[in-house]
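# Structural characterization, general
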Amino acid sequence: MQTATYGPAAEADYPALGRLIALAFASPLDGAVAWISNQGPAGLRVMRDAGGTPLACLRRIEMGQYFGGVSVPMTGIAGVAVAPEARGRGLALAMMRRCMQEAAEAGEALSCLYASTQTLYRQVGYEQAGHRWTIRIGMAHLDVRCRARSVTHLPPKDTAPVRDCYAAFARRFDGMLDRPPYIWDRIAAWRDKHYDGWALTDAGRITAYCFMRQVAKDTGRQTLELSDLAFDSHGSMLALLGFLADFASMADEITFHAGPIHPVLMAVSQQRYTVTLKEPWLLRILRPDIAIARRGYRPGLDTEFAIDLSDDTIPGNSGRYRVRIRDGRAEVGRGSSGSPGPSLRCGVRGLAALYSGYLAPEALALCGLIDGDAEALARAGAAFAAGSPPWMTDFF
Ligand SMILES: CC(C)(COP(=O)(O)OP(=O)(O)OC[C@H]1O[C@@H](n2cnc3c(N)ncnc32)[C@H](O)[C@@H]1OP(=O)(O)O)[C@@H](O)C(=O)NCCC(=O)NCCS
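Here the structure is a predicted model, which is why all the values come from computation and not from measurement. (Residues numbered from 1 in each chain as written. Predicted model: local features only at pLDDT ≥ 70, side-chain atom pairs only at ≥ 80, totals over all residues.)

Now for the overall build of the chain. Counting its regular elements, the chain contains twelve helices and 20 strands. Scaling as 2.2 N^0.38, a compact globule of 396 residues should have a C-alpha radius of gyration of about 21 Å, and the chain matches this with 22 Å. Judged by the C-alpha coordinates and their principal axes, the chain covers about 60 × 55 × 35 Å. Each of the 396 residues in the chain was classed as buried or not, and the buried ones make up 44%. Sequence-distant contacts in the chain: of pairs separated by 6 or more residues, those separated by 24 or more amount to 73%. (Helix = DSSP H or I, 4+ residues; strand = E, 2+ residues; numbered from the N terminus. Rg over C-alpha atoms; globule rule 2.2 N^0.38 Å. Buried ≥ 20, exposed ≤ 12 C-beta atoms within 10 Å, placed from the backbone. Contact = placed C-beta atoms within 7 Å.)

In structure tokens:
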């Protein structure tokens, strides 16, 4: 690898970083510079050559991710780009390695990203841990006849009542984002697409909402493309679907992003919908002690086990973790103490897939990602099991 140094970015780097992003993602240069500059330099990290010129960059986005009903601090990674003339020399790998080490030193719990090539990110400890799917339901099958009493056209900016409704919905599903402004800004407008917000209210409270774009088709009919939808009860979901059903005179279908199983799919009478895999997302456990202690667990669960972890990128993470779970929370100790008890062995990639509930330990053992005695695998499986396959609606 050529000599390059990792560090923060400054405003003076914006034109050079805009060039990297434009060349990486085939985006117009002005849009790439705007993406770089709009969020400010704080989350940007670069690799520079000996003369100080940026050869590679990434953006860190601080957010949260719901696991066990609790928002765990998570650093999203986006905009990983290496100059075409500097590729294939280990720059991306070195940059990601330093980024992981910096984040762990700062006590950050998790990191998540969508990968264009997962071989790169696996080398620094990420592993597949959830999905983003696209659901399409023909309007003829949206056979819900339920009319909301109060429907409001929302302003384009997210508001506290919208965020509250989203949080009440999202925390039920492992993997969903606890959205920062960066993600919220994309709900109402993303690139040249604008989504109208519609809310169902009850005594001033938003009980359900969606952001929707009516896409005209060549036939003159429409697709209702939803960038977001959430509801706080079965009744408010039916009312939201009833609101959407009233577009059926002109619309052929609705589309939205979700998991492979979604409450809306249980509300339609026929299984005539399509669920298409959009992309897996990858998770990295930056600090296992913090990540395990910060997430939620099923209230009735009372168990303990040990994890013998290896982490080549962040060697300080390697070693034994003693996990004691009760009353919906976990206590985590380091090192050997008292009786060894049931224990499992895994690398940090296996821990990521275990932590999100992506695969049960017995299945992760078949993937070569986890090993251990049957009792430890069973206890860890009960601890980290997701209520439904982990998913998120957002892309970043
Ligand atoms: C992907 C990209 C960041 C790699 O940068 P790089 O500095 O050339 O990568 P490195 O030399 O550090 O390679 C590290 C690993 O990345 C993976 N990788 C690199 N280039 C790749 C390619 N063209 N296709 C698939 N995997 C690739 C390999 O696993 C490689 O490790 P290996 O050679 O030991 O197998 C760079 O090609 C790029 O900027 N591409 C366009 C934008 C992009 O895809 N960004 C990532 C978005 S998630």
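Okay, the environment of Ala-267 next. Turning to its location among the elements, Ala-267 is positioned in helix α8 (residues 263–267). Look at Ala-267 and you get partly exposed, because 17 C-beta atoms sit within 10 Å. Sequence separation between Ala-267 and Asp-143 is 124 residues, and the spatial gap between their C-alpha atoms is 8.8 Å. Once you skip the residues sitting within four places of it in the chain, Ala-267 turns out to touch Val-144, Met-237, Leu-238 and Leu-241.

On to the site of the ligand, then. Lining the immediate surroundings of the ligand are 16 residues, of which Arg-87, Ala-92, Thr-117, Thr-119 and Leu-120 lie closest. Breaking the shell around the ligand down by element, the ones donating at least two residues are β4 (70–82), α3 (91–105) and α4 (118–122). Looking at side-chain class alone, the shell around the ligand contains nine nonpolar, five polar and two charged residues. (Near = placed C-beta within 6 Å. Nonpolar A, V, L, I, M, F, W, Y, C, P; charged D, E, K, R; others polar.)

With four bridges connecting them, strand β5 (residues 110–113) and strand β15 (residues 273–285) associate as antiparallel partners. Across the sheet, residue Cys-112 finds its bridge partner in β15, namely Leu-283. (Pairing = 2+ DSSP bridges.)

The subject of this paragraph is the environment of Ile-254. Mapped onto the fold, Ile-254 is located in strand β14 (residues 251–258). Taking the number of C-beta atoms within 10 Å as the measure of exposure, Ile-254 has 27 and is therefore buried. For the pair formed by Ile-254 and Pro-84, sequence separation is 170 residues and the distance between their alpha carbons is 39 Å. Setting aside anything within four residues of it in sequence, one finds Ile-254 in contact with Ile-137, Leu-142, Leu-224, Leu-226 and Leu-244.

Quick look at helix α10 (residues 348–355) now. The element α10 is largely enclosed, with a buried count of eight among its eight residues. Listing the buried residues of α10 in full gives Val-348, Arg-349, Gly-350, Leu-351, Ala-352, Ala-353, Leu-354 and Tyr-355. Where α10 ends, the next residue or the one after it, Gly-357, has phi of about 80°, a positive value.

For helix α12 (residues 374–384), the set of buried residues is Ala-376, Leu-377, Arg-379, Ala-380, Gly-381, Ala-383 and Phe-384. On its buried side, α12 packs onto β16 (303–310), β17 (319–326), β19 (343–347), α10, α11 (361–366) and β20 (370–372).

Reading across the sheet, the five strands line up as β18-β17-β16-β19-β20 and stay open at both edges, with mixed pairing between neighbours. The strands lining the two open edges of the sheet, one partner per strand, are β18 (329–334) and β20. Each strand of the sheet is rotated relative to its neighbour by a mean of 25°, with strand direction disregarded. Note: β16 against β19, five bridges, orientation parallel. When the bridges of β19 are listed, Ala-306 appears paired with Ser-343. (Axes fitted to C-alpha atoms, helices over the stretch in contact; angles between N-to-C directions.)

Splitting the chain by domain gives domain 1 (5–108), domain 2 (133–280) and domain 3 (287–384). Distance between the C-alpha centres of domain 2 and domain 3: 36 Å. (Domains from an automatic or database assignment.)

What follows concerns the pairing of β5. Where burial is concerned, the two faces of β5 agree: the one with Leu-110 and Cys-112 and the one with Ser-111 and Leu-113 are both buried. Both β4 and β5 contribute to a ladder of three bridges, which runs parallel. Counted as the bridge partner of Gly-76 is Cys-112 from β5.

Turning next to unusual backbone geometry. For residues other than glycine, phi is negative in most cases, and the peptide bonds are mostly trans. Although it is not a glycine, Ala-26 adopts a positive phi angle of roughly 50°. Mapped onto the elements, Ala-26 comes out in the loop between α1 (14–25) and α2 (29–38). In this structure, Arg-191 takes a positive phi of about 50° despite not being glycine. Examined against the element boundaries, Arg-191 turns out to sit in the loop between β9 (189–190) and β10 (193–194).

Before going further, it helps to spend a moment on the nonpolar core. Membership of the largest hydrophobic core comes to 120 residues, with the highest contact counts inside it found for Ala-56, Tyr-209 and Leu-240. Here Leu-240 is in contact with Leu-200, Ala-208, Cys-210, Leu-229 and Phe-231, once residues within four sequence places are set aside. (Core = buried A, V, L, I, M, F, W, Y, C linked by C-beta atoms within 7 Å.)

Moving on to the packing of α1 against α2. Between two packed helices, the angle of one axis relative to the other and the distance separating the axes together describe the packing. Viewed as axis vectors pointing N to C, α1 and α2 meet at an angle of 120°, and their least axial separation amounts to 8 Å. Our classification of the angle between α1 and α2 gives oblique. The interaxial crossing formed by α1 with α2 has right-handed handedness. Judged by residue contacts, Tyr-14, Pro-15, Leu-17, Gly-18, Arg-19, Ile-21 and Ala-22 of α1 engage Leu-29, Ala-32, Val-33, Trp-35, Ile-36 and Ser-37 from α2. (Parallel < 35°, antiparallel > 145°, perpendicular 65-115°, else oblique. Left-handed = near helix turned anticlockwise from the far one by under 90°.)

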